[in-house]
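Commentary on secondary and tertiary structure
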Amino acid sequence: MAETLSRTDLFIGGEWRPAASGDRFAVHDPGTEQVIATVANAGASDARAATAAAAATQPAWAALPPRARAEILRRAWELLTERADDLARLITLENGKVFAEAKGEITYAAEFFRWFSEEAVRLRGEFSTAPGGANRILVLHQPVGVAYPITPWNFPAAMATRKIAPALAAGCSVVLKPATLTPLTALALAEVLHDAGVPGGVVNVIPGNQARVITNAVLEHERVRKVSFTGSTEVGRMLIAQAAERVLNVSMELGGNAPFIVLADADLDAAIEGAMIAKMRHNGETCTAANRFYVEAPVAAEFSQRLAQAMGALPTGHGLEPGSRLGPLVDATTRDTVVALVDEAVRAGAKAIVGGSVLEGPGFYYPATVLTDVAPDNPILQEEIFGPVAPIVTVADTAEAIRLANSTTMGLVSYVYTRDLAKGLRVAEALESGMVGLNKGIVSDPAAPFGGMKESGLGREGGHEGMLDYTETKYVATDW
Ligand code: SIN
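Cut-off values and rules
- For every chain, the first residue of the written sequence is number 1, and numbering continues from 1 along that sequence.
- In keeping with the predicted nature of the model, local features appear solely for residues at pLDDT of at least 70, side-chain atom pairs appear and are counted solely at 80 or more, and the whole-chain, interface and lining totals rest on all residues.
- Side-chain metrics in this entry use all non-hydrogen atoms of the structure; hydrogen atoms and water are not considered.
- Under the scheme used here, helices are H or I runs from DSSP no shorter than 4 residues and strands are E runs no shorter than 2 residues, and both carry numbers assigned from the N terminus.
- The globule rule is 2.2 Å times the number of residues to the power 0.38, and the radius of gyration it is compared with is taken over C-alpha atoms.
- Working rule for contacts: check all heavy atoms of both residues, and any pair within 4.5 Å makes them a contact.
- A cutoff of 4 Å decides nearness: a residue is near a molecule or strand if any of its heavy atoms lies inside that distance of it.
- By the criterion applied in these results, polar contacts are pairs of N or O atoms within 3.5 Å in which, for protein atoms, one can donate a hydrogen and the other can accept it, and in which residues neighboring in sequence qualify only through two side-chain atoms.
- Areas reported here follow the Shrake-Rupley algorithm with a probe of radius 1.4 Å; residue values treat only the protein chains shown as occluding.
- Put simply, Ala, Val, Leu, Ile, Met, Phe, Trp, Tyr, Cys and Pro go in the nonpolar bin, Asp, Glu, Lys and Arg in the charged bin, and everything else, Gly too, in the polar bin.
- For every domain, the bounds stem from an assignment made automatically or drawn from a database.
- Strand pairing follows a simple DSSP-based rule, namely that at least 2 bridges must link the two strands.
- Geometry is summarised by axes, namely lines fitted to C-alpha atoms with helices restricted to the contacting stretch, and by angles between N-to-C directions that run from 0 to 180 degrees.
- Buried surface area refers to the total accessible area, computed with a probe of radius 1.4 Å, that the two partners give up upon joining, counted for both partners together.
- Think of a salt bridge as a Lys or Arg side-chain nitrogen and an Asp or Glu carboxyl oxygen that are within 4 Å of each other.
- For classification, angles of less than 35 degrees are called roughly parallel, those exceeding 145 degrees roughly antiparallel, those between 65 and 115 degrees roughly perpendicular, and all remaining angles oblique.
- Here is the rule for handedness: rotate from the far helix to the near one, and if that takes an anticlockwise turn smaller than a right angle the crossing is left-handed, while a clockwise turn gives right-handed.
- Put simply, two rings from Phe, Tyr or Trp (the six-membered ring, in Trp's case) pair if the centres are within 6.5 Å, and we call them stacked under 30 degrees between planes, edge-to-face over 60, tilted for the rest.
- Throughout this description, buried means an accessible area under 20% of the type-specific maximum (1.4 Å probe, protein chains only), exposed means over 50%, and partly exposed covers the range between.
- Nonpolar core, defined: a set of buried Ala, Val, Leu, Ile, Met, Phe, Trp, Tyr and Cys residues in which side-chain atoms within 4.5 Å join the residues together.
- By this rule the span expected of a helix is its residue count minus one, scaled by 1.5 Å.

Let's shift gears to the overall build of the chain. Each helix and strand counted, the chain has 14 helices and 22 strands in total. Rg of the C-alpha trace for the chain: 23 Å, near the compact-globule value of 23 Å for 480 residues, within the 12% margin. A principal-axis box enclosing the C-alpha atoms of the chain has dimensions of 65 × 65 × 40 Å. For the chain, the share of sequence-separated contacts (at least 6 apart) that also reach a separation of at least 24 residues comes to 72%.

Encoded structure:
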């Protein structure tokens, strides 16, 4: 492995260093269960050092002309694209997703650098005259300060760049806490940013398995003004409560429980193609994964059979084996959760028409599984599955599909398939989610505002909104 891809120390103030305690933790390949690296385990003093470095460098970074920040981000896009094969291999090794998907993730991740390099020079304010004529109103957007992104293991590159790129574009500095399961990709990204010209201290990366200790140490610094988290609603709720103590700006991309609605007039070829992406992308371990299929009765049997055939045909194996299309789940806990959810669903009356039983290790493999005869109150429909399992509920009509789709506390994304565009738009309006795929099985796009309603989160990432989330709005009242 190239030196740039084998970074295992903390990245603080532009330097690689071991944890102050000397402690390290192991990173495993979920396809073999073997240790692939040991990584420096940040503690409170490392977190404080990283935050101090970020605080010291943020004013000079913010003072650079937007074009200068933009060009560094553009260079990061180029470098990440050049290093795509090596980084994708690293993702497969620590996360399990198959190599082709990992390469897709690198392209997605790199695009956040390119998109926000373009946004960095377009941070516009506003000018207006107050209706009564007494004030001239100037509106400015200024960097919020030091940002603390906390990223998940399912997209170890893209979730980091989706937060780092807009922060840098806006003039913020960053202390990144990557997931303990997948720290190597984040450390390789730190190297990319350093090589692209990001000054030392502006981006710091501190993996560590004492999440609370690290977070407490980072948030005690007065210059930290932003927490951005992607992960479970449960952890998000705790972070919001903690951030509330200092009234910090938060962005939360939390759990999903996406409905995938197939109406009777849908193009079934397109619906199957979309379902395969929405369900199977990254082994089903995405917040955007189709988690509940609601299919109108006239097409339910055909849709279920065709989906079972397509899912069951995916070769399962280690992500680096050529030909593998479904890799292992990330760890034993994730795999065991999927096992428990499927077993409970079957006990509640569902039928596994493909898959349904755990595969032999080593490696945390679970087969592509389609469940039919799922009653609308089956417990599996209440949980985020995070695995390759598609529960299908037959519905009587569009109104029932919408009612069931909205019957959850989550609201990240929904999918709907119909040949009638006007009906599709009416359904999209009625669905309680921050994003809707209308005849599309994927909504993720660096140029679009990604985010959820209800308990799926706060704020938007990507698009124009993504950079605004790293700014404070200031208004100047004047007259002349
Ligand atoms: C996620 O699963 O958290 C993000 C998925 C995406 O950006 O496509």
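Among the 13 residues in the neighbourhood of the ligand, the closest are listed as Tyr108, Arg162, Arg281, Cys287 and Ser444. Separating an oxygen atom of the ligand from a side-chain N or O atom of Arg162 is a distance of 2.9 Å. Take Cys287: an N or O atom from its main chain is 2.7 Å from an oxygen atom of the ligand. In isolation the ligand offers 250 Å² of accessible surface; the protein chains occlude 100% of this area. In terms of residue class, the shell around the ligand is made up of 5 nonpolar, 5 polar and 3 charged. Domain assignment of the residues forming the shell around the ligand places at least three in each of domain 1 (2-254 + 456-478) and domain 2 (258-445).

Backbone-to-backbone hydrogen bonds pair the strands of a sheet. The strands run either parallel or antiparallel. A sheet is described by the order of its strands in space; here 3 strands give the open sequence β5-β6-β22, paired in antiparallel fashion. The sheet is open, and its two borders are formed by β5 (126-129) and β22 (471-478), each paired with just one other strand. This sheet shows a mean twist of 20° between the axes of neighbouring strands, independent of strand direction. Inspection of the sheet shows strand β6 (residues 136-143) paired to β22 by 8 bridges, in the antiparallel sense. Each bridged residue has a counterpart across the sheet, and for Leu140 the counterpart in β22 is Lys474.

Turning our attention to the domain arrangement of the chain. Under the domain assignment, the chain is made up of domain 1 (2-254 + 456-478) and domain 2 (258-445). Its C-alpha centre places domain 1 at a distance of 30 Å from the equivalent point of domain 2. On the side of domain 2, 30 residues touch domain 1, which itself brings 26 residues to the contact. Of the roughly 2300 Å² buried between domain 1 and domain 2, counting both surfaces, carbon and sulfur atoms make up 61%. Of all residues in domain 1, the largest losses of buried area upon contact with domain 2 belong to Val98, Trp153 and Ser456, amounting jointly to 22% of the total for that side. The interface formed by domain 1 and domain 2 holds 0 salt bridges in total. Counting the contacts that link domain 1 with domain 2 gives 10 residue pairs in polar contact (both at pLDDT 80 or more).

Here we come to the environment of Pro178. Along the chain, Pro178 turns up in the loop between β8 (173-176) and α6 (183-196). Sequence separation between Pro178 and Pro152 is 26 residues; the distance between their C-alpha atoms is 6.6 Å. Excluding residues within four positions of it along the chain, Pro178 makes contact with Thr151, Pro183, Ala186, Val205, Ile206 and Pro207.

Glancing now at the packing of helix α2 (residues 66-82) against helix α5 (residues 158-170). α5 packs onto α2 with a crossing angle of 155° between their chain directions and a minimal axis gap of 8 Å. For the element pair α2 / α5, the angle class is roughly antiparallel. Relative to α5, α2 is oriented so that their crossing is right-handed. In this structure, α2 uses Arg69, Leu73 and Leu80 to contact α5, whose residues at the interface are Thr161, Ala165, Leu168, Ala169 and Ala170. Here the contact of α2 with α5 is built from residues that sort into 6 nonpolar, 1 polar and 1 charged.

Time to look at the sheet that holds strand β19 (residues 435-438). Strand order in the open sheet formed by 7 strands is β14-β15-β16-β13-β12-β18-β19, with mixed pairing between adjacent strands. Of all the strands in the sheet, the pair left with one neighbour each is β14 (351-354) and β19. Neighbour to neighbour, the strand axes of the sheet diverge by 25° on average, direction disregarded. Sheet analysis places strand β18 (residues 413-417) next to β19, joined by 4 bridges and oriented parallel. Within β19, the position partnered with Tyr415 by the bridge is Gly437.

Moving on to the packing of aromatic side chains. A full pass over the atoms with the stated rule returns 10 aromatic pairs. On the basis of an interplanar angle of 40° and a centroid distance of 4.6 Å, the ring pair of Phe11 and Trp16 is categorised as tilted. Exposure remark for Trp16: the relative accessible area of 23% places this residue in the partly exposed category. Here Phe127 and Trp480 contribute two aromatic rings whose centre-to-centre distance is 5.9 Å and whose plane-to-plane angle is 15°, an arrangement assigned as stacked. Of this pair, Phe127 sits in strand β5 while Trp480 sits in the segment after β22, placing them 353 residues apart in sequence. We classify Phe127 as partly exposed; its relative accessible area is 47%. Among the aromatic side chains, those forming a connected cluster through ring pairs are Phe260, Phe293, Phe303, Tyr415 and Tyr417.

Nonpolar side chains in soluble globular proteins generally cluster together in the buried interior. With 58 residues, the main nonpolar core has Leu80, Leu168 and Val203 as its most contacted residues. Not counting the four nearest positions on each side in its chain, Leu168 is found in contact with Trp61, Arg69, Leu73, Val174, Leu193, Val198, Val202 and Val203.

Here the focus is helix α9 (residues 268-280). Compared with an ideal rise of 1.5 Å per residue, which puts 13 residues at 18 Å, α9 spans 17 Å between its outermost C-alpha atoms and is within 8% of the ideal. Along α9, the residues classified as buried are Leu268, Ala271, Ile272, Gly274, Ala275, Met276, Ala278, Lys279 and Met280. Where α9 is buried, its residues touch α4 (99-120), β12 (258-262), β13 (290-296), α10 (297-312), β16 (389-395) and β18. Its side-chain oxygen at 3.0 Å from the backbone nitrogen of Asp269, Asp267 defines the N-terminal cap of α9.

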